[in-house]
Amino acid sequence: MTERLALSAAQTGVWVAQQLDPDDRSFNIAEYCDIEGPVDSALFEAALREVVAATPALRARFGLGEEGLCQDIDDTVDVPLIHEDVSAEPDPRAAAERRMRQELARPYDLASGPLFSWALFKAGPERYFWYRAAHHVVVDGFGLSLVAAHVADVYTALATGRPRRPRPPGTLAEAVAADGAYQDSPEFEADRRYWLDRMAGQTEVASLTGRQPPATRSYVRHSGHLGPGDVGDLRAAARQLEVTWPEIVLAAVAVQLHRATGVREVVLGLPVTGRTAPMLRRVPAMLTNTVPLRVTVTPRHTFAEVVAEVSARLEEAVAHQRYPQERLVRELPGLPEGRKQFGPDVNIMSFGFGSGYAGHPATVHNLAAGPVEDLTVNVYDRLDGQGLQVSFDGNDGLYDRTELAGHLDAFLGLLRSVPEMLDGRPLGQGAAR
């Protein structure tokens, strides 16, 4: 029997945006994991079927019912696992990624579903790539990581005979109900008042380009890596300043934007999980939100002072993180006409993906994280001790690959210089030599 649910605020925003531009593929999110070992494809497909059966979000269809916009959760959904052998290709990874991007570009029908897809590429007898993708209306990045961890657990159980890990309580229906209860609560109005007050008078948008974002559906990506040693320095700086390393990263983005633009009231878009209760962190769903992080940066500030303000503002933002971005953008009088976001987004993703596949480790690679209006700084910590993966996604109407590579190189250089910037000198004077 089909179960009918309302939508979360985040789902509603995605659904409306997709209806306004049905050909927009930027709401397709995807990643793949590089599995360092053999994979039994039959057992893997069985694990996928079991996870789909246990995950209502993967069985959702969307449309208008008698009471308005709704999602229907089907009892069963059959999405076969695509199998491809690319081991004979000169570059198996490149061949697999080409096929993944072809698959990523295909449309999803929100009314009929299914709204996810996956494929298993054999790159050699001891190496496989598992591609997984979904429409953003059903899961966010955190939700997709929960699905991946569940698949890893079930596949390992099937392949080794060990018991499956107990599934923690929490359902999609409960997550949607919690979101609806929030929107009807005094907390919702309190969050609204906080954000309108916090963003009052904000009329500038700091950007690494001076052009207005065009109506585009695609972006370019340039990626780099911060090694374990440099990450160790970031963590040491965080301990010295009594903050977390993501706060150091956010401060560095704010400093780079200030230096490039001269803007002193820098606003970053901060994607947050929207999962303020333990139950919500156990349910694959689309609950993520983006909130503004407004930080004052001047040449007279030291880097430590910028970090301190970031830390304070971040604590406030997280406390008020559930107020929907779409509503706030409409309600702020100071944003330039046509803006959909507050400024460049900084998406810091620090979570692992299970313990591997039947004892074989896996490395996750993101392919698409959602729409990009201007610039998105993606920072991935896979909790594997291998450092940070940093990607700059730039609206392709604003940035070309050369520009984006230059901005990323400057940012990585800024992160590596953090220990020097703790010498107490104002930002306008540079580091001591």
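The following refers to the structure shown. (Residues numbered from 1 in each chain as written. Predicted model: local features only at pLDDT ≥ 70, side-chain atom pairs only at ≥ 80, totals over all residues. Heavy atoms only, no water.)

1. Considerations on the pattern of salt bridges
- The tally for this structure, following the rule as stated, stands at 20 salt bridges.
- We note a salt bridge from Arg61 to Asp74, for which the minimum N-O separation is 2.8 Å. Of this pair, Arg61 sits in strand β3 (residues 60–65) while Asp74 is found in the loop between β4 (68–73) and β5 (82–85), placing the two residues 13 residues apart along the sequence.
- What makes Arg61 partly exposed here is its relative accessible area of 22%.
- Residue Asp74 is classed as buried on the basis of its relative accessible area, which comes to 16%.
- Between Glu103 and Arg106 there is a salt bridge, with its nearest N and O atoms 2.6 Å apart.
- Taking the relative accessible area as the measure of exposure, Arg106 reaches 29% and is therefore partly exposed. (Salt bridge = Lys/Arg side-chain N within 4 Å of Asp/Glu carboxyl O. Helix = DSSP H or I, 4+ residues; strand = E, 2+ residues; numbered from the N terminus. Buried < 20%, exposed > 50% of the residue type's maximum accessible area, 1.4 Å probe, protein only.)

2. Observations regarding the packing of aromatic side chains
- Under the criterion given, the structure shown has eleven aromatic pairs.
- Between Tyr32 and Phe129, the ring centres sit 5.7 Å apart and the planes meet at 75°, which makes this aromatic pair edge-to-face. Within this pair, whereas Tyr32 is found in strand β2 (residues 28–35), its partner Phe129 is found in strand β7 (residues 127–135), the two being separated by 97 residues in sequence.
- Residue classification places Phe129 among the buried positions, given a relative accessible area of 0%.
- Centroid distance Tyr194 to Trp195: 4.9 Å. Interplanar angle 75°. Geometry classified as edge-to-face. (Phe/Tyr/Trp six-rings, centres within 6.5 Å; stacked < 30°, edge-to-face > 60°.)

3. Thoughts on the nonpolar core
- Grouped together as the largest cluster of nonpolar side chains are 67 residues, with contacts concentrated most on Phe44, Phe62, Trp118, Trp130 and Tyr131.
- Ranked by residue count, the leading element in this core is helix α4 (residues 141–160), at seven residues.
- The contacts of Trp118, once residues within four sequence positions are left out, are Leu48, Val52, Leu58, Val79, Pro80, Leu81, Ile82, Trp130, Tyr131, Arg132 and Val147.
- Phe188, Leu328, Val329 and Leu388 belong to the second largest nonpolar core, which has 65 residues in total. (Core = buried A, V, L, I, M, F, W, Y, C linked by side-chain atoms within 4.5 Å. Contact = heavy atoms within 4.5 Å.)

4. Quick notes on the side chain of His150
- Turning to its location among the elements, His150 is positioned in helix α4.
- Residues contacting His150, with those up to four places away along its chain left out, are Val51, Ala54, Thr55 and Arg167.

5. Some remarks on the sheet that holds β4
- Strand order in the open sheet formed by three strands is β1-β4-β3, with antiparallel pairing between adjacent strands. This sheet does not close on itself; its edge strands, each paired only once, are β1 (3–5) and β3. For this sheet the average axis-to-axis angle between neighbouring strands, irrespective of direction, equals 35°.
- Examined bridge by bridge, β3 and β4 share six bridges and lie antiparallel to one another. Looking at the pairing, Leu64 lines up with Leu69 of β4. (Pairing = 2+ DSSP bridges. Axes fitted to C-alpha atoms, helices over the stretch in contact; angles between N-to-C directions.)

6. Comments concerning the pairing of strand β6 (residues 116–124)
- Among the nine residues that make up β6, eight are buried, leaving the element largely enclosed by the rest of the structure.
- Sheet analysis places β5 next to β6, joined by four bridges and oriented parallel. Along β6, the bridge assignment pairs His83 with Leu120.
- Regarding topology, helix α3 (residues 92–104) serves as the crossover connection from β5 to the parallel β6, and that connection is right-handed. (Right-handed = clockwise from strand over helix to strand, strands pointing away.)

7. Focus on helix α11 (residues 401–416)
- The end-to-end C-alpha distance of α11, which contains 16 residues, comes to 22 Å, matching closely the 22 Å that a straight helix rising 1.5 Å per residue would cover.
- When we look at burial in α11, the residues that qualify are Leu404, Ala405, Leu408, Phe411, Leu412, Leu414 and Leu415.
- Buried residues belonging to α11 abut β8 (219–226), α7 (228–241), α8 (245–261), β13 (375–381), β14 (388–395) and α12 (418–421).
- The residue sitting at the N-terminus of α11 and contributing the capping side-chain oxygen is Asp400; that oxygen lies 3.1 Å from the backbone nitrogen of Thr402. (Expected span 1.5 Å × (residues − 1). Polar contact = N/O pair within 3.5 Å; in protein donor to acceptor, adjacent residues only side chain to side chain.)

8. Observations concerning the packing of helix α2 (residues 41–54) against α4
- Interhelical geometry of α2 versus α4 gives an angle of 130° and a closest axis separation of 9 Å. Relative to α4, the element α2 lies oblique. Judged by the sense of rotation from one axis to the other, the crossing of α2 with α4 is right-handed. Every residue of α4 that contacts α2 at Leu43, Phe44, Ala46, Ala47, Leu48, Glu50, Val51 and Ala54 is listed here: Val147, His150, Val151, Val154, Tyr155, Leu158 and Ala159.
- Tallied by class, the residues present in the contact of α2 with α4 amount to 13 nonpolar, one polar and one charged. (Parallel < 35°, antiparallel > 145°, perpendicular 65-115°, else oblique. Left-handed = near helix turned anticlockwise from the far one by under 90°. Nonpolar A, V, L, I, M, F, W, Y, C, P; charged D, E, K, R; others polar.)

9. Observations regarding unusual backbone geometry
- Of note, the bond from Gly113 into Pro114 is cis; its omega dihedral lies within 30 degrees of zero at -10°.
- Within the secondary structure, Pro114 sits in the loop between α3 and β6.
- A positive phi angle, near 60°, is found at Glu242, a position not held by glycine.
- Among the residues examined, Glu242 registers a relative accessible area of 74% and is labelled exposed.
- In this model, Ala358 sits at a positive phi of 55°, which is unusual for a non-glycine residue.
- For Ala358, the location among the structural elements is in the loop between β11 (345–350) and β12 (362–368).

10. Structural notes on the sheet that holds β12
- Taken together, five strands build an open sheet; the order of strands is β5-β6-β7-β2-β12 and the sheet is mixed. With one partner strand each, in any of the chains shown, β5 and β12 form the two edges of the open sheet. Averaged over neighbouring strand pairs, the angle between their axes works out to 20° when direction is ignored.
- As paired strands, β6 and β7 are joined by eight bridges and run antiparallel to one another.

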